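Spelled out from the first residue to the last, the chains are:
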Amino acid sequence: MAVTSERERPWGELLARGRGEGMLVHQARDGARAARTAPIPADLSPHLRAALAASGADELYAHQAQAIEAAWRGPTITTTGTASGKSLCYLVPTAEVLLGDPRARALYLAPTKALAQDQARRIHELGLKALRPAIYDGDTPKDQRTRIRREANIILTNPDMLHVGVLPNHAAWNEFFANLAVVVIDEAHVYRGVFGSHVANVLRRLRRLAARYGTEPRFLLTSATIGNPVELAEGLTGLPEVQLIDDDGSPSAGRQYAMWDPPLLDEDSGQRRSAVSEAAEIVADLVEGGARVICFMKARKGVEMISRMVRDHLNDTAPLLADKVMPYRAGYTSEQRREIEGQLTRGELRAVIATNALELGIDIGTLDACVVVTFPGTVASLRQQWGRAGRRSEGLALYVAGEDALDQYFCRHPEQFLERPVENAILSPYSEQIHAQHLLCAALEAPIVPEDLQFFGPESQHAIDDLVASGGLVKRPAGYGLKVADSYPAAKVSLRSATAEQVAIIDGSSGEVMGSVELGRAFSTVHQGAVYFHMGRSFLVRSLDVQNGVAVVDPFEGEWYTQPKTETMTTIDRLLERRDVDGAVLSFGDVSVTETVIGYQRKRYGDHEAIDLIGLDLPTTTFQTQALWYEPTHDALRDLPLDALLGALHAAEHTQIAVLPLLAMCDRWDIGGLSTNLHPQTSGPTIFIYDGHPGGIGITREGYKRFEELCQSALRLLGECPCEHGCPSCVQSPKCGNLNEPLSKAGAILLLGDVLGLDSGLTPAEAALRVHGVSPKGPGGRPGDSAGRSD
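About the cut-offs
- Residues numbered from 1 in each chain as written.
- Predicted model: local features only at pLDDT ≥ 70, side-chain atom pairs only at ≥ 80, totals over all residues.
- Heavy atoms only, no water.
- Helix = DSSP H or I, 4+ residues; strand = E, 2+ residues; numbered from the N terminus.
- Rg over C-alpha atoms; globule rule 2.2 N^0.38 Å.
- Buried < 20%, exposed > 50% of the residue type's maximum accessible area, 1.4 Å probe, protein only.
- Contact = heavy atoms within 4.5 Å.
- Areas by Shrake-Rupley, 256 points an atom, 1.4 Å probe, with all protein chains shown as cover.
- Lys, Arg positive; Asp, Glu negative; His and termini not counted.
- Charge placed at Lys NZ, Arg CZ, Asp CG, Glu CD.
- Salt bridge = Lys/Arg side-chain N within 4 Å of Asp/Glu carboxyl O.
- Pairing = 2+ DSSP bridges.
- Axes fitted to C-alpha atoms, helices over the stretch in contact; angles between N-to-C directions.
- Parallel < 35°, antiparallel > 145°, perpendicular 65-115°, else oblique.
- Nonpolar A, V, L, I, M, F, W, Y, C, P; charged D, E, K, R; others polar.
- Phe/Tyr/Trp six-rings, centres within 6.5 Å; stacked < 30°, edge-to-face > 60°.
- Left-handed = near helix turned anticlockwise from the far one by under 90°.

### Examining the overall build of the protein
Within the protein, the regular secondary structure consists of 27 helices and 32 strands. For the protein, whose C-alpha radius of gyration is 27 Å, the value lies close to the compact-globule estimate of 28 Å for 791 residues. When the backbone C-alpha atoms are referred to their principal axes, the protein occupies close to 85 × 70 × 55 Å. The buried share of the protein, reckoned over its 791 residues, is 60%. For the protein, the proportion of contacts with a sequence separation of at least 24, taken over those separated by at least 6, is 74%. Of the roughly 30,700 Å² of accessible surface on the protein, 50% is carried by carbon and sulfur atoms. Here the protein contributes 77 positive and 100 negative side-chain charges, whose respective centroids are spaced 5 Å apart.

So, in structure tokens, the structure goes:
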């Protein structure tokens, strides 16, 4: 990317101010790119050619033509940029098949309901009467479902509905399965980690049932740019030799990039102005300047806070614009989502603040600027979000860094940030816990026979034997079936979260159901006294009734928000691997993580200062996952005085979690950790870093393999941070369940250096002087205190 000169755009004044005040740390620009085209294949159906011409498609982009040709040969994955016309890569071959065979059926899978709705509109716009698309998801009225199964020849749904509603009831879909010719998997890059591992098993179940009905559908996938598209496609589908289409022939209008680091408020503590507050001001300035803006933020609470702040700002400066700003996130009702999407498409909104629910390829009209608040976890996701702006004319892609260690690392290395290659998607379809759940689901759909291993993989036989031994499956003459014949295992398996159970959130002032939250997150997000954000408004949780799955909230106008305080403990269930490093014993294996929300802190909006800490009495939750853990040897501890040990362990844990996303395609919110100076099973100081998802998805296994690199990256981050005693840009974590106490930056440097075998050159007395003033705070800092410090 080349450094750009300033151009007259709605953001010219904003960037000039940021540059003058030192907040604009880097600028770059992508130039415009001309389209490369190819003719529409002459052998397509005349009706389809006419429909394409009527829609304005007189020719194809080069990659579209390549994808259509490849579709006749076998499975494909098309991975090109945002707004590159990937839809035609599967719509054209799908339409051609359906036009040629009136009995043929097609299945379209999207990760979100919004994307399925958008694609249904595009199919209708082709104007081909032979195409009969219908959406079949949780929002489809029950009285329409029978007609859809009978009449539609394109079913648009999501993996969740396929898993829980279609496959277990395949007898009602017999005509559909008997004629299934094409399966489209849109936005395949989303299917990674836990979600992707579940979806890979669902697709294997789909292929097995299709074979039982005598069909072998063609799989056509699309994806944003990722590092391993073919590996992902083959891992998802279980099919070999997937063809890759990645030569993007679409035009680009050019894009200006800006990296924005909020101002430093306190040099000693390293505290910066909140990225949320900074982003709200930037969005408001852009809206006032005439731009249409989309702003992405990972956390639901952050989305609601930014939306509220933008509205408050505009109410003071441009009241007519305040109502044209809306938040958008998961947890809203389908009616609320459709209304916001419609307002965007019609151009009625000037700004939308969204989680990654709007990252995907739905058509939300022309946008001028995209603001991404803190690193979204992967470069692939960042580029997908930035691609939302400037589709038709040069746009602005602006990144607002947070105090988080990884954000500040990128601000110190902006070229590495902008030029960083996209990551490989991590997928683990044979994760023991995930795979076993889907074998139970498959056994309900049809008895599992030896021939089915061609779909599930030879690894499945061991899992089947374990399920027989544990009583989940029983071997019968027809094959392996469920021991409890009337059970419905799919209802117990959530593809996206640790539990299928949800807690409904009810507005106590009106009785309206506002949304929902997973049961596993309820104790930390909608506990009594929590401030809950919804549609840009604040609500105070009046009560949480877990047994009945209901949280009651009331409108709230206070000037504070809440952050939960948790206690965590890990139990080692099974050691899988172990090796020695220079100053520690390193292990990897299965663990159980026990968490209890013991209280919450109230914090002011403006400066995020703590007001008070309020205790809670909530149940303990436990889940099984995978972890790496290491026990520093006595040599590694020799420089640390006892009163700094807990702070050093805790700070080292935080820093390693912060940089682990540099090694694995994950977000720090996918990872958890615990540090203790006395673990009951290791009998000594231990640091645990664990996958934050039940069963594990390979993140910490990657950390175990590259542990030395993990320690080196953490040590570099600590050494480069200019603060003296530790700050949010190095050792403090935004999700620390112990509210970032105790922490010792100097102690962590000594500890990690010794783990790597680097001699600090300090005597114990000198080490004590080095860590003076940063010893642990509060009762947790007493020598011999074995309480765990969790991230």
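### Some points on the pattern of salt bridges
Under the counting rule described, the total for this entry stands at 34 salt bridges. Among the ionic pairs, Asp 118 bridges to Arg 121, the shortest N-O distance being 3.1 Å. Taken together, the residues Asp 118 and Arg 121, both in helix α5 (residues 113-125) and three residues apart, mark about one turn of the helix. The exposure class assigned to Asp 118 is buried, which follows from its relative accessible area of 2%. For Glu 708, the salt bridge goes to Arg 579, with nearest N and O atoms at 2.9 Å. Here Glu 708 is found in helix α25 (residues 707-720), whereas its partner Arg 579 is found in strand β26 (residues 560-581), with 129 residues between them in sequence. Shared partners join several salt bridges into a network, and the residues in it are Arg 17, Glu 21, Arg 273, Glu 278, Glu 281 and Asp 285.

### Some points on the sheet that holds strand β15 (residues 325-328)
Reading across the sheet, the seven strands line up as β1-β11-β18-β17-β14-β16-β15 and stay open at both edges, with mixed pairing between neighbours. The strands lining the two open edges of the sheet, one partner per strand, are β1 (24-30) and β15. Taken pair by pair, the neighbouring strands of this sheet meet at an average axis angle of 15°, ignoring direction. Two strands pair when backbone bridges link them, and strand β11 (residues 255-260) and strand β18 (residues 395-400) are joined in this way by six bridges, in the parallel orientation. Looking at β18, one finds that Ala 258 is bridged to Leu 398. Here helix α15 (residues 379-386) sits on the sheet in contact with β11, β14 (293-297), β17 (369-373) and β18, set at roughly 150° to β17.

### Some details on the packing of helix α9 (residues 193-212) against helix α10 (residues 229-237)
Axis separation between α9 and α10 bottoms out at 7 Å; the angle between their running directions is 55°. Relative to α10, the element α9 is oriented oblique. Across from Gly 196, Val 199, Ala 200, Leu 203, Arg 204 and Arg 207 in α9, the residues of α10 making contact are Glu 234, Gly 235, Leu 236 and Thr 237. Split into classes, the residues belonging to the contact of α9 with α10 amount to four nonpolar, three polar and three charged.

### Structural notes on the packing of aromatic side chains
Taken as a whole and assessed by the stated rule, the structure comprises 14 aromatic pairs. Ring geometry for Trp 173 and Phe 176: centres 5.4 Å apart, planes at 75°, overall edge-to-face. Taken as a pair, Trp 173 and Phe 176 share a single burial class, namely buried. Ring centres of Phe 556 and Trp 560 lie 4.8 Å apart, and the angle between their planes is 65°; on these two criteria the pair is classed as edge-to-face. Each member of the pair, Phe 556 as well as Trp 560, carries the same accessibility label: buried.

### Description of the sheet that holds strand β10 (residues 243-245)
Taken in spatial order, the seven strands of this open sheet run β6-β7-β5-β8-β9-β4-β10, and their pairing is parallel. The sheet terminates laterally at β6 (133-135) and β10, the two strands that pair on one side only. The sheet shows a mean angle of 20° between the axes of neighbouring strands, direction not considered. Note: strand β4 (residues 76-79) against β10, three bridges, orientation parallel. Within β10, the residue paired with Thr 76 across the bridge is Gln 243. Seen against the sheet, helix α3 (residues 62-71) touches β4, β9 (218-223) and β10 and runs at an angle of roughly 165° to β10. Against the sheet, α10 engages β4, β8 (180-185), β9 and β10, with an angle of about 135° to β9.

### Things to note about the packing of helix α11 (residues 275-288) against helix α12 (residues 300-317)
Here α11 crosses α12 at 45°, and the two axes come no closer than 9 Å. As summarised for this structure, α11 and α12 are arranged oblique, according to the angle between their axes. Helix-helix and strand crossings are classified by hand; for α11 and α12 the assignment is right-handed. Between α11 and α12, the residues in contact are Val 276, Ser 277, Ala 279, Ala 280, Val 283, Ala 284, Asp 285, Val 287 and Glu 288 and Met 305, Ile 306, Met 309, Val 310, His 313, Leu 314 and Thr 317, respectively.

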